[in-house]
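Results of the structural survey
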Amino acid sequence: MTYAATERAPLSVSAASVDYAALLLRVTMGIGFLAHAWLKYAVFTPAGTVQYFQSLGLPGPLAYVVMAAEFLGGIALILGLWTRWVSLALLPILLGAIFAHAGNGFFFSAANGGWEFPAFWSVALAVQALIGGGALALKR
């Protein structure tokens, strides 16, 4: 007995749909990075961010590097500039965020945020690095 009548053809994915998926992913992550840079600057303040980094045992000046990388990386992602490289360059920041939130538990709804969201965002950055800038990227 054959099941050919019930089998479906594999889902066809066009290059255009991948390009627009990459666009959606990179713009969304770019906005997220800008929001996190703004949070560190306007809400936590640079001095507060430095103190937080130091409380984790990290060098204080690293806070300024992270804020600059989030801001510039967010802009680069939104514009589609060197998307693969920018995604890879931002990945250590998210891995650091996993480290910073590891003691709070998995779920981001935990007090002080868990590591669920930074882990997901790390995977999204890796996917972006693999698929590239997509549609409307200024530098493909």
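Residues numbered from 1 in each chain as written. Predicted model: local features only at pLDDT ≥ 70, side-chain atom pairs only at ≥ 80, totals over all residues. Heavy atoms only, no water.

1. A few points about unusual backbone geometry
One non-glycine residue, W82, lies in the positive phi region at around 50°. By secondary structure assignment, the location of W82 is in the loop between α3 (62–79) and α4 (83–101). Residues other than glycine seldom take positive phi values, yet L136 does so here, at roughly 60°. The topology assignment puts L136 in the segment after α5 (116–131). For L136, a relative accessible area of 66% puts it in the exposed group. (Helix = DSSP H or I, 4+ residues; strand = E, 2+ residues; numbered from the N terminus. Buried < 20%, exposed > 50% of the residue type's maximum accessible area, 1.4 Å probe, protein only.)

2. Structural notes on the packing of helix α1 (residues 15–43) against α3
In contact at an axis separation of 7 Å, α1 and α3 are set at 155° when each is read in the N-to-C sense. Taken together, α1 and α3 sit at an angle that is classed as roughly antiparallel. The way α1 lies across α3 gives a crossing that is left-handed. Touching R26, V27, M29, G30, I31, F33, L34, H36, A37, K40 and Y41 of α1 are V66, M67, E70, F71, G74, I75, L77, I78 and L79, all from α3. Each residue belonging to the contact of α1 with α3 can be placed in one class, and the counts come to 14 nonpolar, three polar and three charged. (Axes fitted to C-alpha atoms, helices over the stretch in contact; angles between N-to-C directions. Parallel < 35°, antiparallel > 145°, perpendicular 65-115°, else oblique. Left-handed = near helix turned anticlockwise from the far one by under 90°. Contact = heavy atoms within 4.5 Å. Nonpolar A, V, L, I, M, F, W, Y, C, P; charged D, E, K, R; others polar.)

3. Observations concerning the side chain of E70
Mapped onto the secondary structure, E70 falls in helix α3. At 3.4 Å, the side chain of E70 forms a polar contact with the backbone nitrogen of A37. Not counting residues within four places of it along the chain, the set of residues in contact with E70 comprises F33, L34, H36, A37, K40, L90 and I93. (Polar contact = N/O pair within 3.5 Å; in protein donor to acceptor, adjacent residues only side chain to side chain.)

4. Comments concerning α5
Between its first and last C-alpha, α5 extends 23 Å over 16 residues, near the 22 Å set by a 1.5 Å rise per residue. Next to the buried residues of α5 lie α1 and α4. Looking one or two places after α5, you find G132, whose phi comes out positive at around 85°. (Expected span 1.5 Å × (residues − 1).)

5. Observations concerning the packing of aromatic side chains
All chains considered together, the criterion is met by six aromatic pairs. Ring plane angle 35° and centroid distance 4.4 Å describe the contact between F33 and W121, whose orientation is recorded as tilted. One end of the pair, F33, is in helix α1; the other, W121, is in helix α5, and 88 residues separate them in sequence. In this structure, F33 and W121 share a single accessibility class: buried. A centroid spacing of 5.3 Å and a plane angle of 45° characterise the contact between F117 and W121, whose relative ring orientation is tilted. One end of the pair, F117, and the other, W121, are both in helix α5, four residues apart, so they sit about a helical turn from each other. The exposure class of F117 is partly exposed, given its relative accessible area of 34%. (Phe/Tyr/Trp six-rings, centres within 6.5 Å; stacked < 30°, edge-to-face > 60°.)

The analysis is restricted to geometry; functional conclusions fall outside its scope.
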